[in-house]
Each structure stands twice: as C-alpha cells, then as structure tokens.
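Breakdown of the fold
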Amino acid sequence: MLGPVIDEFAKQYLHSDLREIRETVLGKLDGLSEYDVRRPLTTTGTNLLGLVKHLAVTESRYFGEVFDRPSPEPVPSWDDLSQRGTDMWATEHETREEITGRYRRSWAHSDATIAALAIDSPGHVPWWPRPDVLLFNVLVHVLTETSRHAGHADILREQLDGEVEAAGRDAAFWEHRRAEVERAARAAAG
C-alpha cells in the first residue's frame with residue numbers, strides 16, 4: 001500500500017517548492033521604486049510587477065476554474081481575446097499593494113484547493129490540447145510556470161540594480177566574471 005504515501009509525498013513536495021518560488025518572485029520587488037517595478041525592460045514590455053500580476057491570474061485560473069473551485073478574485077475568461085496580455089503589466093491605477101495582495105490571496109485559494117484535493121483529482125483545462133488533467137499535472141505546470149517567471153524576474157532585477165542571489169559573491173567577482181565571459185565570446189567569434 002505504498003501508492004497513497006508516495007502520492008501524498010509528491011503533492012507535498014511540489015506544493016512546498018511552489019510556496020518557496022512564490023516568495024522568491026515577490027522578493028524581486030523589494031527595495032525598488034514604483035517606476036522600476038513597472039518599467040518595461042524588454043522589447044515585449046516585460047516588467048516585474050506584471051510578472052506578479054500574471055502569476056496571480058495563473059494561479060487563480062489553474063487552481064480555481066480547472067477544478068471547479070472558482071477564485072474569489074475576478075479573473076478574465078480564458079477565451080476573452082480582448083483580455084490577452086493585460087495581465088502582464090500594471091496600469092497606473094493599480095497599486096503594487098493591490099497586485100501583490102491579489103497574488104497572496106490567489107496563493108491562499110490555491111493552497112486550499114491543493115489541500116482539499118488528492119493528487120489524482122480530475123480537472124479540466126479547456127485551453128489545453130489534452131484538457132482532462134489531474135491535480136498532479138496542474139501542480140507541475142504552475143510550478144514550472146512560476147519558476148520560469150522567477151528566472152525572468154532574476155534577470156530583470158539584475159538589469160535594474162545588479163542584484164543577484166549568489167551568496168558570498170560581490171560586485172568585483174561579477175565584474176571579473178562578466179569580463180571573462182566577454183573575452184571568451186570574442187575569442188570564439190574570431
């Protein structure tokens with residue numbers, strides 16, 4: 001009778017990783033001005049607060065409507081083309097506190113869904129090619145999505161103020177490393 005033990009372990013393991021990476025994403029906003037959390041840092045307009053807003057919608061949708069547990073937060077319909085991409089940036093009327101609060105509230109709703117359901121509980125993702133899923137699939141998907149955006153947030157934050165998460169490494173180390181990488185790139189290019 002090892003199945004249920006492994007299932008519960010897998011659920012808790014994935015959920016724990018999701019909780020940790022959520023905090024990492026929010027931590028990227030710490031110490032930055034309103035302008036810096038909102039400013040577009042890529043050609044497509046990617047910005048830190050927009051990533052947080054997007055992840056709030058992602059969690060509300062995947063741990064809400066997919067399992068017929070609608071989020072208390074309003075979420076645009078997944079098939080409303082006029083709303084596509086609006087979750088990737090903050091308007092001037094949306095405050096940082098509103099967006100981070102919405103993200104934290106979506107965590108609470110997601111956490112309640114995860115706690116209430118078994119890892120093999122069925123859900124339905126109408127926008128996926130194979131829409132019938134299990135909680136396991138959604139946990140992996142949302143963890144992957146959040147981790148991917150945490151990586152984006154790492155790079156955006158580094159662009160803004162050079163902050164990197166690397167224990168024991170100072171600015172001189174990174175200056176030397178960057179110069180070393182630049183030398184290797186130029187040498188390889190001929």
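Residue positions within a chain follow its written sequence, with the count starting from 1. Only residues with pLDDT of at least 70 are given local features in this predicted model, and only at 80 or more are side-chain atom pairs given and counted; all residues enter the totals for whole chains, interfaces and linings. Note that water and hydrogens are dropped before the side-chain values are worked out from all heavy atoms of the structure.

Side note on the overall build of the protein
Along the backbone of the protein there are six helices and two strands. The dimensions of the protein, computed from C-alpha atoms along their principal axes, are 55 × 50 × 35 Å. For the protein, contacts bridging at least 24 residues in sequence account for 73% of all contacts bridging at least 6. Each accessible area is a Shrake-Rupley result for a 1.4 Å probe, and residues are judged covered by the shown protein chains and nothing else. A total of about 11100 Å² of accessible surface is found on the protein, and carbon and sulfur atoms cover 56% of it. For the charge count, each Lys or Arg is scored as positive and each Asp or Glu as negative, with His and the chain ends excluded. Where a charge lies is defined by one atom per residue type, namely NZ (Lys), CZ (Arg), CG (Asp) and CD (Glu). Once the 22 positive and 32 negative side-chain charges of the protein are each reduced to a mean point, those two points are 3 Å apart. Under the scheme used here, helices are H or I runs from DSSP no shorter than 4 residues and strands are E runs no shorter than 2 residues, and both carry numbers assigned from the N terminus. Only heavy atoms enter the contact rule, under which two residues are in contact if any of them lie within 4.5 Å.

Considerations on the packing of aromatic side chains
Aromatic contacts are taken between Phe, Tyr and Trp rings whose centres are within 6.5 Å, Trp giving its six-membered ring; a plane angle under 30 degrees counts as stacked, one over 60 as edge-to-face, and the others as tilted. Counting across every chain of the model gives four aromatic pairs. Consider the rings of F9 and Y13, whose centres lie 5.8 Å apart with planes at 35°: the pair is tilted. In this pair, F9 and Y13 are both assigned in helix α1 (residues 3-27), four residues apart and thus about one turn of the helix distant. For every residue, the accessible area obtained with a 1.4 Å probe (protein chains only) is divided by the maximum for its type, and the residue is called buried under 20%, exposed over 50%, and partly exposed between those limits. Owing to a relative accessible area of 48%, Y13 belongs among the partly exposed residues under this scheme. Linked through ring pairs, Y62, W127 and W128 together constitute an aromatic cluster. Charges are assigned to positions over rings by a cutoff of 6 Å between ring centre and Lys NZ or Arg CZ, combined with an angular limit of 35 degrees from the ring normal. In this structure, R61 packs its charged tip against the face of W127, placed 5.9 Å from the ring centre.

Some points on unusual backbone geometry
In the Ramachandran plot, D68 falls in the positive-phi region, its phi being about 55° despite a non-glycine side chain. Relative to the helices and strands, D68 resides in the loop between α3 (48-62) and α4 (96-116). In this structure D68 comes out as exposed when scored by relative accessible area, which is 67%.

Digging into the packing of α3 against α4
Put simply, α3 and α4 touch, their axes get as near as 9 Å, and they point 30° apart. On the basis of their axis angle, the class for α3 and α4 is roughly parallel. Crossing hand, α3 versus α4: left-handed. Contacts from L49, V52, K53, L55, A56, E59 and S60 of α3 reach α4 at R96, I99, T100, R102, Y103, S106, W107 and S110. In this count, Pro and Cys sit with the nonpolar residues alongside Ala, Val, Leu, Ile, Met, Phe, Trp and Tyr, while Asp, Glu, Lys and Arg are called charged and the others, Gly among them, polar. Classifying every residue of the contact of α3 with α4 by side-chain character gives seven nonpolar, four polar and four charged. Note on definitions: angles span 0 to 180 degrees between N-to-C directions of axes, and those axes are lines fitted to C-alpha atoms, for helices only across the stretch in contact. For this classification, under 35 degrees means roughly parallel, over 145 means roughly antiparallel, 65 to 115 means roughly perpendicular, and everything else is oblique. Crossing handedness is read from the near helix: turned anticlockwise from the far helix by less than a right angle, it gives a left-handed crossing, and turned clockwise, a right-handed one.

Some points on α3
Over its 15 residues, α3 runs 21 Å from end to end, which matches the ideal 21 Å to within 8%, given 1.5 Å per residue. With 15 of 15 residues buried, α3 is to be regarded as a mostly interior element. We define a polar contact as two N or O atoms separated by no more than 3.5 Å, with the added condition that, inside protein, one atom must be a possible hydrogen donor and the other a possible acceptor, whereas residues neighbouring each other in sequence contribute only through side-chain atom pairs. Its side-chain oxygen 3.4 Å from the backbone nitrogen of L49, N47 forms the N-cap of α3. Under the convention used throughout, the expected extent of a helix is 1.5 Å for every residue step, that is, one less than its residue count.

Focus on a nonpolar patch on the surface
Only residues whose relative accessible area exceeds 30% and that take part in no salt bridge are eligible for patches, with like-charged residues grouped when within 9 Å of each other and nonpolar side chains (Val, Leu, Ile, Met, Phe, Trp, Tyr) grouped when within 5 Å. Salt bridges are defined by distance alone: a side-chain nitrogen of Lys or Arg within 4 Å of a carboxyl oxygen of Asp or Glu. Together, L134, F136 and V140 line one region of the surface with nonpolar side chains, adding up to about 220 Å² of accessible area. Residue position: F136 is located in helix α5 (residues 135-161).

With respect to the environment of A90
Looking at the element boundaries, A90 is found in the loop between α3 and α4. Residue class for A90 comes out buried when judged on its relative accessible area of 12%. Residues in contact with A90, not counting those within four places in the same chain, are R38, L49, K53 and I99.

As for α4
In a regular helix each residue adds 1.5 Å, so 21 residues correspond to 30 Å; α4 covers 30 Å between its end C-alpha atoms and thus fits that length. Buried within α4 are the following residues: R96, I99, T100, G101, R102, Y103, S106, W107, H109, S110, T113 and I114.

Considering the nonpolar core
In these notes, a set of buried Ala, Val, Leu, Ile, Met, Phe, Trp, Tyr and Cys residues joined through side-chain atoms within 4.5 Å is what counts as a nonpolar core. Formed by 36 residues in total, the largest nonpolar core has its most connected members in F63 and V138. When residues of this core are assigned to their parent elements, the largest contribution, nine residues, is made by α5. In contact with F63, other than residues within four places in its own chain, are L18, R69, H109, S110, T113, I114, L135, V138, L139 and V142.

Just distances and angles here, no functional claims.
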